[in-house]
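# Observations on the three-dimensional arrangement
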Amino acid sequence: MAAPLVRILSKSCRQISRPWGACQAGWRSTSHRPATDMASDQGVVSFPPLQTYSEEENMMREAVKKYAQERIGPFVSKMDENCVMDKEVLDSLFEQGLMGIEIDPEYGGTGSTFFSSILVIEELAKVDASVAVLCDIQNTLINTLFSKLGTAAQKEQYLSRLSTDMIGSFCLSEAEAGSDAFALKTRAEKHKDYYVINGSKMWISNAEHAGVFLVMANVDPSAGYRGITCFIVDRDTEGLEICKKENKLGLRASSTCPLNFDNVKVRPNTLHHGGPMYLEKNILGQIGHGYKYAIGMLNEGRIGIAAQMLGLAQGCFDNTIPYTRQRVQFGKRIFDFQGMQHQISHVATQIEAARLLTYNAARMKEAGRPFIKEACMAKYFSAEVATLTTSKCIEWMGGVGFTKDYPIEKYYRDCKIGTIYEGTTNVQLSTMAKFIDKEYDH
Amino acid sequence: MSGRVLVGVKRVIDYAVKIRVKPDNSGIVTDGVKHSMNPFCEIAIEEAVKLKEKKLIKEVVAVSCGPQQSQETIRTALAMGADRGIHVEVTGKDYEALGPLQVSKIMAALAKKEDAQLIILGKQAIDDDCNQTGQMTAALLDWPQGTFASEVALEGDKVKVVREIDGGLETIKINTPAVVTADLRLNTPRYATLPNIMKAKKKKIANMKPADLGVDLTSRLEVLRVDEPPQRQAGVKVETVEDLVGKLKEAGTI
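Position numbers for residues count from 1 along each chain, tracking the sequence in the order it is written. Written order determines the labels here, with chains lettered from A and ligands numbered from 1. Totals for whole chains, interfaces and linings use all residues, but because this is a predicted model, local features are given only for residues with pLDDT of at least 70 and pairs of side-chain atoms are given and counted only at 80 or more. Each side-chain value is derived from all of the structure's non-hydrogen atoms; neither hydrogens nor water enter the calculation.

As a further point, take helix 11 (residues 408-415) of chain A. Residues and elements named next belong to chain A. Buried residues are those whose accessible area, probed at 1.4 Å on protein chains only, stays under 20% of the maximum for their type, while exposed residues exceed 50% and partly exposed ones sit between those limits. The helix and strand labels rest on DSSP assignments: H or I over at least four residues marks a helix, E over at least two residues marks a strand, and numbering proceeds from the N terminus. For helix 11, the tally of buried residues reaches 7 of 8 residues, placing the bulk of the element in the interior. Listing the buried residues of helix 11 in full gives Ile-408, Glu-409, Lys-410, Tyr-411, Arg-413, Asp-414 and Cys-415. Residues of helix 11 that are buried in the fold lie against helix 3 (76-82), helix 5 (114-127), helix 6 (129-149), helix 8 (290-326) and helix 10 (372-397). Residue contacts are defined here by distance: any two heavy atoms, one from each residue, within 4.5 Å place the two residues in contact.

Before going further, it helps to examine the packing of aromatic side chains. Residue and element names in this part refer to chain A. Centres within 6.5 Å are what make two rings of Phe, Tyr or Trp a pair, Trp counting through its six-membered ring; a difference in plane orientation under 30 degrees is then read as stacked, over 60 as edge-to-face, and the rest as tilted. Under the defined criterion, the tally for this structure stands at 12 aromatic pairs over all chains. On the basis of an interplanar angle of 70° and a centroid distance of 5.2 Å, the ring pair of Phe-115 and Tyr-359 is categorised as edge-to-face. Residue Phe-115 is located in helix 5, and its partner Tyr-359 is located in helix 9 (residues 338-366); the two are separated by 244 residues in the primary sequence. A single burial state applies to Phe-115 and to Tyr-359, both of which are buried. By the ring-pair criterion, three or more aromatic residues cluster together here, those being Tyr-53, Phe-115 and Tyr-359. The cationic tip of Lys-265 hangs over the ring face of Tyr-194; the distance from NZ or CZ to the ring centre is 5.4 Å. Only lysine NZ and arginine CZ atoms are considered, and such an atom sits over a ring when it is within 6 Å of the ring centre and within 35 degrees of the ring normal. For the cation-ring pair, Arg-363 lies above Phe-115, with the distance from its terminal atom to the ring centre recorded as 3.6 Å.

The next point concerns the domain arrangement of chain A. Residue and element names in this part refer to chain A. All the domain ranges listed were derived from an automatic or database domain assignment. Annotation of chain A at the domain level lists domain 1 (55-166), domain 2 (170-269 + 277-287) and domain 3 (293-439). Centre-to-centre separation of domain 1 and domain 3, based on C-alpha positions: 21 Å. Taken together, the 24 residues of domain 1 in the interface contact 29 residues of domain 3. In this description, buried area is defined as the sum, over both parts, of the accessible area (probe of 1.4 Å) that is lost when the two are combined. Across the domain 1/domain 3 interface, buried area totals approximately 2,200 Å², and carbon plus sulfur atoms make up 63% of it. On the domain 1 side of the contact with domain 3, Phe-114, Phe-115 and Glu-122 bury the most area, a combined 26% of that side's loss.

Moving on, we come to the pattern of salt bridges. Residue and element names in this part refer to chain A. Whenever Lys or Arg places a side-chain nitrogen within 4 Å of a carboxyl oxygen from Asp or Glu, that contact is recorded as a salt bridge. Tallied over the entire structure, the rule returns 41 salt bridges over all chains. Where Glu-439 meets Lys-373, a salt bridge forms, and the shortest distance between an N and an O atom there is 2.7 Å. With a gap of 66 residues between them, Glu-439 in helix 12 (residues 425-439) and Lys-373 in helix 10 connect regions that are remote in the sequence. Taking the relative accessible area as the measure of exposure, Glu-439 reaches 28% and is therefore partly exposed. One salt-bridge network, in which partners are shared between bridges, spans Asp-80, Lys-404, Glu-409 and Arg-413.

The next subject is a nonpolar patch on the surface. Residues and elements named next belong to chain B. A contiguous nonpolar patch, built from Val-236, Val-238, Val-241, Leu-244, Val-245, Leu-248 and Ile-254 and spanning about 590 Å² of accessible area, is present on the exposed surface. Residue placement: Leu-248 occurs in helix 7 (residues 241-250). A relative accessible area of 34% places Leu-248 in the partly exposed class. Patches here are clusters of residues that have more than 30% relative accessible area and form no salt bridge, with a 9 Å joining cutoff for like charges and a 5 Å cutoff for nonpolar side chains (Val, Leu, Ile, Met, Phe, Trp, Tyr). Note that accessible areas follow from Shrake-Rupley with a 1.4 Å probe, and for residues the cover is restricted to the protein chains shown.

Residue and element names in this part refer to chain B. Strands sit in the order 9-8-7-10-6-1-4-5-11 across an open sheet of 9 strands; the sheet is mixed. Looking at strand neighbours, the two that pair on one side only are strand 9 (168-175) and strand 11 (205-208), the edges of this open sheet. In this sheet, adjacent strand axes meet at a mean angle of 30° when their direction is disregarded. DSSP calls a pair of strands paired once it identifies at least 2 bridges connecting them. Pairing geometry for strand 4 (residues 59-66) and strand 5 (residues 84-89), over 6 bridges, is parallel. Along strand 5, the bridge assignment pairs Ser-64 with His-87. Angles here are taken between N-to-C directions and fall from 0 to 180 degrees, while the axes themselves are lines fitted to C-alpha atoms, restricted in helices to the stretch in contact. Strands in contact with helix 2 (residues 70-80) are strand 4, strand 5 and strand 11; relative to strand 5, the strand with the most contacts, it is inclined by about 165°.

With an omega of 0°, the peptide bond between Thr-176 of chain B and Pro-177 of chain B qualifies as cis. Within the secondary structure, Pro-177 of chain B sits in the loop between strand 9 and strand 10 (178-182). For Cys-83 of chain A, which is not glycine, the phi dihedral falls at a positive 55°. On the secondary structure map, Cys-83 of chain A appears in the loop between helix 3 and helix 4 (87-95). On the basis of relative accessibility, which here comes to 11%, the residue Cys-83 of chain A falls in the buried class. Of note in this structure, Asp-129 of chain B is not a glycine but carries a positive phi near 55°. Its place among the elements puts Asp-129 of chain B in the loop between strand 6 (118-122) and helix 5 (133-141). The class for Asp-129 of chain B is partly exposed, based on a relative accessible area of 46%.

Right, let's get into the UniProt feature "domain: Acyl-CoA dehydrogenase/oxidase N-terminal" (unreviewed entry) in chain A. Here, UniProt's "domain: Acyl-CoA dehydrogenase/oxidase N-terminal" (unreviewed entry) annotation points to residues 54-163 of chain A. Structurally, residues 54-163 of chain A is divided into 74% helix and 0% strand, and its ends, taken at the C-alpha atoms, are 23 Å apart. UniProt positions are given in the numbering used here, feature names are shortened, and annotations may be inferred rather than shown by experiment.

The criterion is simple. A nonpolar core is a set of buried Ala, Val, Leu, Ile, Met, Phe, Trp, Tyr and Cys residues joined through side-chain atoms within 4.5 Å. Leu-124, Phe-146, Phe-170 and Phe-231 of chain A are the most contacted members of the largest nonpolar core, which has 165 residues in total. Leaving out residues up to four positions away in the same chain, Leu-124 of chain A has contacts with Val-64, Tyr-67, Ala-68, Ile-72, Leu-93, Leu-98, Val-131, Ala-132 and Cys-135 of chain A. Within the second largest apolar cluster, 26 residues are counted, among which are Leu-6, Val-61, Cys-65 and Ala-138 of chain B.

This paragraph deals with the UniProt feature "domain: Acyl-CoA oxidase/dehydrogenase middle" (unreviewed entry) in chain A. When the UniProt feature table is mapped to this numbering, "domain: Acyl-CoA oxidase/dehydrogenase middle" (unreviewed entry) covers residues 169-264 of chain A. Its end C-alpha atoms 17 Å apart, residues 169-264 of chain A is made of 0% helix and 48% strand.

Encoded structure:
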């Protein structure tokens, strides 16, 4: 059933003028591990529960949990207050190998799987959603783009830096191009042996610290979205201006900046056999294929955001329940009131459902199966669950939940962006509807 | 000198877990409870790995005695930098009766088999608080011991150990091969980084049974009963010294 669906989608790609979400872009993910071992001696197949992890995944999760609580926890409220990601936290993320989870060890990465990244992001988000999003963007967007599309030389130059000390930013959105991403106006004009980029980008995460920017610019506006190309722009390139970061409601420790491009020169790939390699200022992948890469990447990044929202919801919940078990009113724990129990159980169910959606989407992607609809569902649902959970948690905490002395209000502020970035809830729902519609074609 | 260090790592109930006594008072509840490496064993591994990084020793071998799950503890040690592991499989009733005497016999046998230059153990385990295994191991091997170490320095074929004792700090110099037990302030254990966790997968863990080492596991102890500590009773506040003396006399304590 899945295979014919893929073929139908590829055909429909050419017909639909807005390719957003509908085009699979032939994205095949390689599975590092086989699907969980199922056959027993009698030939009876038994399926382990979804929340089954390899030993390596368990160890990673435990290690990150401990690290996050001890090395990030103490900095969280200060970073939120000052809108700054602490340098010690940034350095330790690299030290722990959390910024190059899927990168090959030959480039200094961890060499693990997509699912491990998901678990890491979830654990980080339980402590600080800003740190989680930094890690998510690096792993699911930047590293994946370089790994999948980079030439040997580009991988050599960038992957080893991305896994050890350099942060990357993904630059797609503009002031006039959010959900309508491919209406982007940033232009790349071809000159003899270089391109010149002019324009501006908005809402660029990690920009304050990024050493490299993957910039989506159009080389041929007359071709519409088929002119969009992915350019690699180093931080110190002349003409690139990183503007003052936004003063946000939540994810305050994660920098979000507008960028200006004023005649920024970028060199295209040179096919060379020997000779000096001009590796800075490059194009990632093929000219005019940027839109495909963006969609493909964001389909995967979506699962990362689902993991972030999931971790956020769980972290908030974990910080609230102990209070409800201690706080006594009218002679009993507030946890013991039926009204509270019903609300708490409802929220716990939603979190569990979000977890299963997220883990399943991740496992499907690893197994090389179509996963876009499931990824949309996971992101949409997790963001909604995070909103519900954090709102309820403040209520359960009562007055103290409303103060900054307790961590709950930060979770509440941080969750809101979940329904907005990397594809708004409305976009996710529309994308899912397209898939559902196709499923009923005979 | 072989340059080989044996480090014992014990799988215990995680320090953060609230311990519960079984309803029949025969022991504590361990099923489904979170376990992790004994914190003092983490410090022991860290010290051994540090010595290897300083190139003072050549190989760190992590040893654990217990059921299948002990292998997770060994993997954590490998992820922290140990080179290989030895899992001595002890299960069921034998495992319940496993104590310092049995473990020290196993460690002694392994030390001879592996030609170890140094054995580093945690000073005690947080579940039984025995503080005996290191000392017994040294006695069985007739090796010197540096216990409660807050500093360890290898100097040629000797080890200088700064020990934490009740009166302060005591510095001793002992010959190798020797047994050292790690105290809290010896070092701060590193986190297992993700790349190291991946590398640990490729490191070898050898399996063996106590019988292979010629060790008899019979226990000389029988646990009769396990109880929770008595609930702390409320105290009484007094205003003056006379009141205090009066209350103490009432309680019959003076």
